[in-house]
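# Survey of secondary and tertiary structure
Spelled out from the first residue to the last, the chains are:
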Amino acid sequence: MATEAIRSTRIRAASVEVPKLLARIEAEGRDAALPEQLVAELCLCLDELLNNVIDHAGLGDETTIELNYRLGSDGVAAEIVDPGPPFDPLARPPVDIDAPLDARVPGGLGIHFVRTLMDEVAYERRGSHNRLRIAKRRGAGGSPAISSPTTS
Amino acid sequence: MRIVEEPFGKGVVVKPIGRLDSTTAPAAEQTIRDALTRSGHRLLLDMAELDYVSSAGLRVVLAAAKQSTAANGRFIVCELRPQVRQVFELSGFTRIITIVDKRADAEL
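One structure accompanies this document, and this report is about it. Owing to the predicted nature of the structure, the values given are computational and were not obtained by experimental measurement.

## Quick look at the overall build of chain B
- On a plain count of helices and strands, chain B comes out with four helices and six strands.
- Projecting the C-alpha coordinates of chain B onto the three principal axes gives extents of approximately 30 × 25 × 25 Å.
- Across the 108 residues of chain B, 54% fall into the buried class.
- Put simply, 70% of the contacts in chain B that link residues at least 6 apart link residues at least 24 apart.
- Of the roughly 4600 Å² that chain B leaves accessible, carbon and sulfur atoms contribute 46%.
- Across chain B, 15 positive and 13 negative side-chain charges occur, with their mean positions spaced 4 Å apart.

Shown next as structure tokens:
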């Protein structure tokens, strides 16, 4: 039988809240004996997406963001629900990771990580909330193995 | 996060310790910018004790690389741990930033 932890939580829309939440998810992943890499990649994506909402949605830092997530031996999934104005982070043009240094501009890398590391990413505006869902199956493709040599 | 800074070669080595994320990036950016200015833009960023970096941290690295290049200086990164290396690779930073294995391999 698959082990899994399903959780629903809320955090204040303040960046200081994010590392605390991620530390808790990492601990839950360890308790459930899930592959560290899988949980670490989920946490990086949550860091990027939550901070995106915190930075761009114009929420007061007493507003809360809802996070529903599932850590399973077969994969991980999460849904971020925020009450900000409609904003689809997937609509932004992809970042050019092959551009030379002087042409590189900050921004867009967070969403690039999410698209690259997760198997599924979906945005939906429902009622007065943005909902972003991400998921990754265990052992699924999409990301280079952490120890893989640089190929370029 | 803590940042340790010491002279190295013709410049300076800066070693961030802990997590370089949205909460720690602003202070790190300021520290690195000041260190670049004081060192004639010759800076080695030693990541040996950096546990984690997000895109907010990469912004700091990109700004430092650009500042150094614009001043004809040297900017080198060393000792990337697995999570940091993965994020550098995903971002294409391994192609635009000079990366060496160890401190001893860096020449400022």
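## Considerations on the interface of chain A and chain B
- Facing 33 residues of chain A, the contacting portion of chain B comprises 27 residues.
- Between chain A and chain B, a total of about 2300 Å² is buried, with carbon and sulfur atoms accounting for 57% of that surface.
- Summed over the shared surface of chain A and chain B, the number is one salt bridge.
- B:Arg95 is the salt-bridge partner of A:Asp98, the closest N and O atoms lying 2.6 Å from each other.
- Applying the counting rule to chain A against chain B returns nine residue pairs in polar contact (both at pLDDT 80 or more).
- Broken down by secondary-structure element, the contributors of at least two residues to the side of chain A that touches chain B are helix 1 (17–31), helix 2 (36–56) and helix 3 (109–117) of chain A.

## Quick notes on unusual backbone geometry
All names here are of chain B.
- Despite not being glycine, His41 shows a phi value in the positive range, around 60 degrees.
- The phi dihedral of Asn72 is positive, around 55 degrees, even though this residue is not glycine.
- Looking at the secondary structure, you find Asn72 in the loop between helix 2 (55–70) and strand 5 (74–78).
- Accessibility expressed as a relative area gives 70% for Asn72, which makes it exposed.

## Details of the packing of aromatic side chains
- Counted by the stated rule, this structure contains one aromatic pair over all chains.
- In this structure, B:Arg19 packs its charged tip against the face of B:Tyr52, placed 3.9 Å from the ring centre.

## A closer look at helix 1 (residues 25–38) of chain B
Residue and element names in this part refer to chain B.
- Taking 1.5 Å per residue as the helical rise, helix 1 with its 14 residues ought to reach 20 Å, and the 20 Å between its terminal C-alpha atoms agrees with that figure.
- Close packing links the buried residues of helix 1 with strand 1 (2–8), strand 2 (11–20), strand 3 (42–46) and helix 2.
- Gly40 sits one or two residues past helix 1 and shows a positive phi near 65 degrees.

## Considerations on the packing of helix 1 of chain B against helix 2 of chain B
All names here are of chain B.
- Where helix 1 meets helix 2, the closest approach of the two axes is 9 Å, and the angle between their N-to-C directions is 15 degrees. Taken together, the axis directions place helix 1 and helix 2 in an arrangement best described as roughly parallel. Here helix 1 runs over helix 2; the crossing is right-handed. Contacts between helix 1 and helix 2 involve Ala25, Ala28, Glu29, Ile32, Arg33, Leu36 and Thr37 on the former and, on the latter, Ala56, Val60, Ala63, Ala64, Gln67 and Ser68.
- The residue inventory of the contact of helix 1 with helix 2, partitioned by class, reads eight nonpolar, three polar and two charged.

## Re helix 3 of chain A
- Most of helix 3 of chain A sits inside the fold, with eight of its nine residues counted as buried.
- Within the span of helix 3 of chain A, buried status applies to A:Leu109, A:Gly110, A:Ile111, A:His112, A:Phe113, A:Val114, A:Thr116 and A:Leu117.

## Overview of the sheet that holds strand 3 (residues 75–82) of chain A
Residues and elements named next belong to chain A.
- The five strands lie next to each other as 1-2-3-5-4, forming an open sheet whose pairing is antiparallel. The sheet is open, and its two edges are formed by strand 1 (4–12) and strand 4 (120–126), each paired on a single side. On average, each strand axis in the sheet is tilted by 15 degrees relative to the strand beside it, whichever way the strands run.
- Two strands pair when backbone bridges link them, and strand 4 and strand 5 (residues 129–137) are joined in this way by seven bridges, in the antiparallel orientation. Its bridge partner lying in strand 5, Glu120 is registered against Ala135.
- Across the sheet, helix 2 is in contact with strand 1, strand 2 (64–72), strand 3 and strand 5; its angle to strand 3 comes to roughly 10 degrees.

Thresholds, definitions, all that
Every chain is numbered independently, its residues counted from 1 as its sequence is written. To read the labels, note that chains go from A and ligands from 1, taken in the order they are written. The predicted origin of the model limits local features to residues at a pLDDT of at least 70 and limits the giving and counting of side-chain atom pairs to 80 or more, whereas totals for whole chains, interfaces and linings rest on all residues. With hydrogens and water excluded, all non-hydrogen atoms of the structure serve as input to the side-chain values. A run of H or I in DSSP becomes a helix once it reaches four residues, and a run of E becomes a strand once it reaches two; helices and strands are each numbered from the N terminus. Relative accessible area decides the class of each residue, using a 1.4 Å probe on protein chains only: under 20% of the type maximum gives buried, over 50% gives exposed, and in between gives partly exposed. The contact criterion used throughout is that any non-hydrogen atoms of two residues lie within 4.5 Å. Note on areas: these come from Shrake-Rupley sampling with a 1.4 Å probe, and a residue is covered only by the protein chains present in the view. Counting rule applied: Lys, Arg positive; Asp, Glu negative; His and chain ends not counted. Charge placement uses NZ in Lys and CZ in Arg. For Asp and Glu, CG and CD serve respectively. Summed over both partners, the accessible area (1.4 Å probe) lost when two parts come together is defined as the buried area. Between Lys or Arg on one side and Asp or Glu on the other, a salt bridge is scored when a side-chain nitrogen of the former is within 4 Å of a carboxyl oxygen of the latter. Each polar contact in these results corresponds to two N or O atoms within 3.5 Å; when the atoms are within protein, one needs to be able to donate a hydrogen and the other to accept it, and residues that are neighboring in sequence are counted only if both atoms are side-chain atoms. Two rings from Phe, Tyr or Trp (for Trp, the six-membered ring) form a pair when their centres are within 6.5 Å of each other. A pair whose planes differ by under 30 degrees is stacked, one over 60 is edge-to-face, and the rest are tilted. The rule is short: NZ of Lys or CZ of Arg within 6 Å of the ring centre and within 35 degrees of the ring normal puts a charge over the ring. One less than the residue count of a helix, multiplied by 1.5 Å, gives the span that helix is expected to have. The convention used is that axes are lines fitted to C-alpha atoms, helices contributing only their stretch in contact, and that angles between N-to-C directions extend from 0 to 180 degrees. The labels follow the angle: roughly parallel below 35 degrees, roughly antiparallel above 145, roughly perpendicular from 65 to 115, and oblique for the rest. It is the rotation of the near helix from the far one that decides the hand of a crossing: anticlockwise by less than a right angle makes it left-handed, clockwise makes it right-handed. We call Asp, Glu, Lys and Arg charged. Ala, Val, Leu, Ile, Met, Phe, Trp, Tyr, Cys and Pro are nonpolar, and the rest, Gly among them, are polar. We treat two strands as partners when DSSP finds at least two bridges between them.

Interpretation in functional terms is not warranted from these geometric data alone.
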